[in-house]
Amino acid sequence: MTNSPFAELGLTDRLVRALRAAKYHKPTPVQQKAIPLLLEDADLLGIAQTGTGKTAAFTLPLLQNINEDGIKPLPSTTRALILAPTRELALQISDSIKTYGFHFNLRHTVVMGGVSQGAQVAALKRGVDILVATPGRLLDLINQRRLKLSECEYLIIDEADRMLDMGFIRDVRKIVDLLPEDRQTMLFSATMPAEVAKLAEEILYEPERVEIAAKTVAVEKIEQRVHHVGKPAKKDFLVKLFDDGDLSKVIVFTRTKRGADQVVKRMAKSGIKAEAIHGNKSQNNRQRALKNFQDGRTRALVATDIASRGIDIDHVSHVINYELPNEPESYVHRIGRTARAGTSGIAISMCDIEEWPQLKAIEKLIKRPLTPVGEVPADFAKPAQGRGKPPARRGPPRRRNRNRNSRQSTRKAA
Ligand code: ADP
Ligand code: MG
């Protein structure tokens with residue numbers, strides 16, 4: 001059993017067995033670096049993009065540490081807290097805890113909005129070892145005195161940048177204030193906007209820093225095509241793409257919730273099974289749509305960026321960008337859905353002439369052009385030969401650089 005590369009990181013046999021059952025053969029780079037540090041109780045700042053295996057990187061050492069502590073949770077308390085920005089992500093983390101913690105006898109539960117709180121309250125009453133929560137519902141339950149965080153010795157904040165996008169940073173701060181200072185804290189994020197760097201500085205104690213460079217993400221393995229399609233022609237074009245049977249499990253990204261609904265309608269008219277997930281759908285509805293898609297009952301999932309973030313679905317054959325995102329980073333997150341943990345995939349983007357600046361910004365970020373398919377209409381090429389004006393963005397590159405400097409000045413050694 002000791003010949004497992006996971007055992008070499010210091011993980012116990014029970015975890016090694018669970019990983020073997022999950023068919024994990026070797027740790028991903030972020031796991032390789034983070035696990036030994038976390039087993040030694042270090043605080044950690046983990047920066048790595050979607051699909052790099054962050055969940056196991058924090059869950060495995062957490063399970064082992066908490067099990068070794070050998071303490072039973074008191075009623076209405078938790079010993080570890082994992083904060084996630086979305087309900088889908090919280091449920092996924094919970095599933096991972098179930099998988100990795102199979103041979104441990106630890107209690108865990110999920111607290112999130114959008115579903116009735118009864119079952120959540122009942123689970124908390126006995127006390128839990130690990131609680132996965134979205135910030136809003138967690139604060140609700142704390143205010144109702146259903147839960148105390150005074151015994152919580154492990155804190156993990158997952159997808160901190162998404163917490164920021166969704167306006168949760170203040171809630172997160174409030175929650176952190178309720179934990180004992182003597183705790184182990186981990187913060188994970190795909191990107192480091194200034195606000196997240198500031199939060200990290202406030203809540204982590206002499207953290208180790210594990211950063212997996214963005215370019216090591218499987219983006220290179222993804223075949224990235226772009227079709228120049230005018231906006232009015234996009235729906236017909238999309239439907240036509242589905243004539244190709246290779247499009248078996250497809251996520252279609254739209255920019256707006258309404259757009260997502262309209263696309264689903266048009267696809268239904270052509271007999272293509274599709275469902276939408278976005279913020280206006282109820283929790284049950286979204287769960288069902290995800291499950292139908294995961295199990296192959298629907299061929300396409302039509303999603304907005306926020307709804308899709310952090311969702312982990314296996315074997316997505318294609319990602320289609322029905323519209324290009326305003327933020328080039330979102331493009332990378334989107335297409336990352338089709339290349340999870342080392343598999344490759346295909347990304348197809350539809351670009352209207354008005355989206356040309358977004359296309360250029362994406363190509364600049366990923367440092368290579370998308371492969372144009374079909375003819376590029378003459379009028380499309382014009383803006384590119386012109387000034388190649390970048391789209392109006394809120395200037396993330398500059399902000400990121402500034403962070404990097406401030407981080408260097410406050411941190412002793414990496
Ligand atoms: P992230 O949080 O960085 O987006 P996840 O933790 O969701 O990534 O992992 C992405 C996918 O990779 C999941 O399907 C997970 O089961 C799988 N995975 C993670 N680590 C490994 C590993 N060491 N070997 C094989 N698959 C892995
Ligand atoms: Mg994750």
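Preceding block: the structure.
Procedures and definitions
- Residues numbered from 1 in each chain as written.
- Chains lettered and ligands numbered in written order.
- Predicted model: local features only at pLDDT ≥ 70, side-chain atom pairs only at ≥ 80, totals over all residues.
- Heavy atoms only, no water.
- Pairing = 2+ DSSP bridges.
- Helix = DSSP H or I, 4+ residues; strand = E, 2+ residues; numbered from the N terminus.
- Axes fitted to C-alpha atoms, helices over the stretch in contact; angles between N-to-C directions.
- Contact = heavy atoms within 4.5 Å.
- Buried < 20%, exposed > 50% of the residue type's maximum accessible area, 1.4 Å probe, protein only.
- Right-handed = clockwise from strand over helix to strand, strands pointing away.
- Phe/Tyr/Trp six-rings, centres within 6.5 Å; stacked < 30°, edge-to-face > 60°.
- Core = buried A, V, L, I, M, F, W, Y, C linked by side-chain atoms within 4.5 Å.
- Left-handed = near helix turned anticlockwise from the far one by under 90°.
- Nonpolar A, V, L, I, M, F, W, Y, C, P; charged D, E, K, R; others polar.
- Parallel < 35°, antiparallel > 145°, perpendicular 65-115°, else oblique.

Novice: Even after reading the chapter, I still don't get the sheet that holds strand S7 (residues 208–211), so can you show me in this structure?
Specialist: Sheets are built from strands that pair by backbone hydrogen bonding, the pairs being arranged parallel or antiparallel. In space, the 7 strands of this open sheet follow the order S3-S4-S2-S5-S6-S1-S7, with parallel pairing throughout. Two strands in the sheet have a free side with no partner beyond their single neighbour: strand S3 (108–111) and S7. Ignoring strand direction, the axes of neighbouring strands in this sheet form an average angle of 15°. Lying over the sheet, helix H5 (residues 118–126) contacts S3 and strand S4 (128–133), oriented at roughly 140° with respect to S3.

Novice: Help me understand helix H14 (residues 328–335) in this model?
Specialist: Since one α-helical turn is 3.6 residues long, residues separated by three or four positions face the same way. Most of H14 is tucked away, with 8 of its 8 residues classed as buried. Every buried residue belonging to H14 is among Pro 328, Glu 329, Ser 330, Tyr 331, Val 332, His 333, Arg 334 and Ile 335, and all of these are buried.

Novice: How should the side chain of His 318 be read in this particular structure?
Specialist: Position of His 318 relative to the elements: it lies in strand S12 (residues 318–321). Classification of His 318 as buried rests on a relative accessible area of 4%. For His 318, the contacting residues outside a window of four places in its chain are Asp 246, Leu 247, Lys 249, Val 250, Ile 251, Thr 338, Ile 346 and Ile 348.

Novice: What exactly am I supposed to notice about the pairing of S3 here?
Specialist: In the case of a regular strand, side chains alternate between the two sheet surfaces. Judged from the 4 bridges that link them, S3 and S4 form a sheet pairing that is parallel. Each residue of the ladder has a partner; that of Thr 109, found in S4, is Leu 131. Between the parallel pair S3 and S4, the chain is carried across by H5, and the sense of this crossover is right-handed.

Novice: Is there a simple way to think about the packing of aromatic side chains in this case?
Specialist: For any pair of aromatic rings, the description consists of the separation of the ring centres together with the inter-plane angle of the planes. Per the counting criterion, the structure on display carries 2 aromatic pairs. Relative to Tyr 100, the ring of Tyr 24 lies with its centre 5.8 Å away and its plane at 65°, an arrangement referred to as edge-to-face. Here Tyr 100 lies in helix H4 (residues 87–100) and Tyr 24 lies in the loop between helix H1 (13–21) and helix H2 (29–39), a separation of 76 residues in the sequence. Exposure remark for Tyr 24: the relative accessible area of 32% places this residue in the partly exposed category. Taking the relative accessible area as the measure of exposure, Tyr 100 reaches 5% and is therefore buried.

Novice: Help me understand the sheet that holds strand S8 (residues 223–228), please; the structure alone is not making it clear to me.
Specialist: In space, the 7 strands of this open sheet follow the order S10-S11-S9-S12-S13-S8-S14, with parallel pairing throughout. A strand with exactly one partner marks an edge of an open sheet, and here the two such strands are strand S10 (274–277) and strand S14 (371–373). Strand after strand, the sheet turns through a mean of 25° between neighbouring axes, direction not considered. Two elements, S12 and strand S13 (residues 346–351), share 4 bridges in a ladder whose sense is parallel. Residue pairing across strands places Asn 321 opposite Ser 349, the latter belonging to S13. Packing against the sheet, helix H12 (residues 283–294) makes contact with strand S9 (250–253), S10 and strand S11 (300–303), and its axis sits at approximately 140° to S10. Here H14 sits on the sheet and contacts S8, S9, S12 and S13; the angle it forms with S12, its principal contact strand, is near 155°.

Novice: Please clarify how the nonpolar core should be interpreted in this entry.
Specialist: Grouped burial of nonpolar side chains is what soluble globular proteins tend to show. In terms of nonpolar packing, the biggest core is built from 39 residues, with Leu 11, Phe 58, Leu 60, Leu 62, Ile 82, Ile 93 and Ile 130 touching the most fellow members. Going through the elements one at a time, H1, H2, helix H3 (54–69), strand S2 (78–83), H4, S4, strand S5 (154–157) and strand S6 (184–189) are the ones with two or more residues in this core. Sorting elements by how many residues they give to this core places H3 first, with 7 residues. When near neighbours in sequence (up to four residues on either side) are disregarded, Ile 82 contacts Phe 58, Leu 62, Ile 93, Ile 97, Ile 130, Leu 131, Val 132, Ala 133 and Ile 156. Counting residues in each nonpolar core, the second largest holds 35 residues, with Val 121, Leu 124, Val 196 and Leu 199 among its members.

Novice: Help me out: how do you make sense of the pairing of S12 in this one?
Specialist: Burial along S12 is two-sided: His 318 and Ile 320 facing one way and Val 319 and Asn 321 facing the other are all buried. Alignment of S9 against S12, held across 4 bridges, turns out to be parallel. Within S12, the residue paired with Phe 253 across the bridge is Asn 321.

Novice: Would you mind going over the packing of H1 against H3 with me for this structure?
Specialist: Angle between the axes and distance between the axes: these two values describe a pair of packed helices. Packing of H1 against H3 brings their axes to within 10 Å, and their N-to-C directions diverge by 145°. Seen from above, H1 lies across H3 with right-handed handedness. Packed against H1, whose contacting residues are Arg 14, Leu 15 and Leu 19, the element H3 presents Leu 60, Leu 63, Gln 64 and Asn 67 at the interface. Tallied by class, the residues present in the contact of H1 with H3 amount to 4 nonpolar, 2 polar and 1 charged.

Novice: I would appreciate a short explanation of the packing of helix H6 (residues 135–143) against helix H8 (residues 169–177) in the present structure.
Specialist: Axis separation between H6 and H8 bottoms out at 10 Å; the angle between their running directions is 40°. By the angle between their axes, H6 is oblique relative to H8. In terms of crossing hand, the pair formed by H6 and H8 is left-handed. From H6, Pro 135, Gly 136, Leu 138 and Leu 139 reach across to H8, where they touch Asp 171, Val 172, Lys 174 and Ile 175. Tallied by class, the residues present in the contact of H6 with H8 amount to 5 nonpolar, 1 polar and 2 charged.

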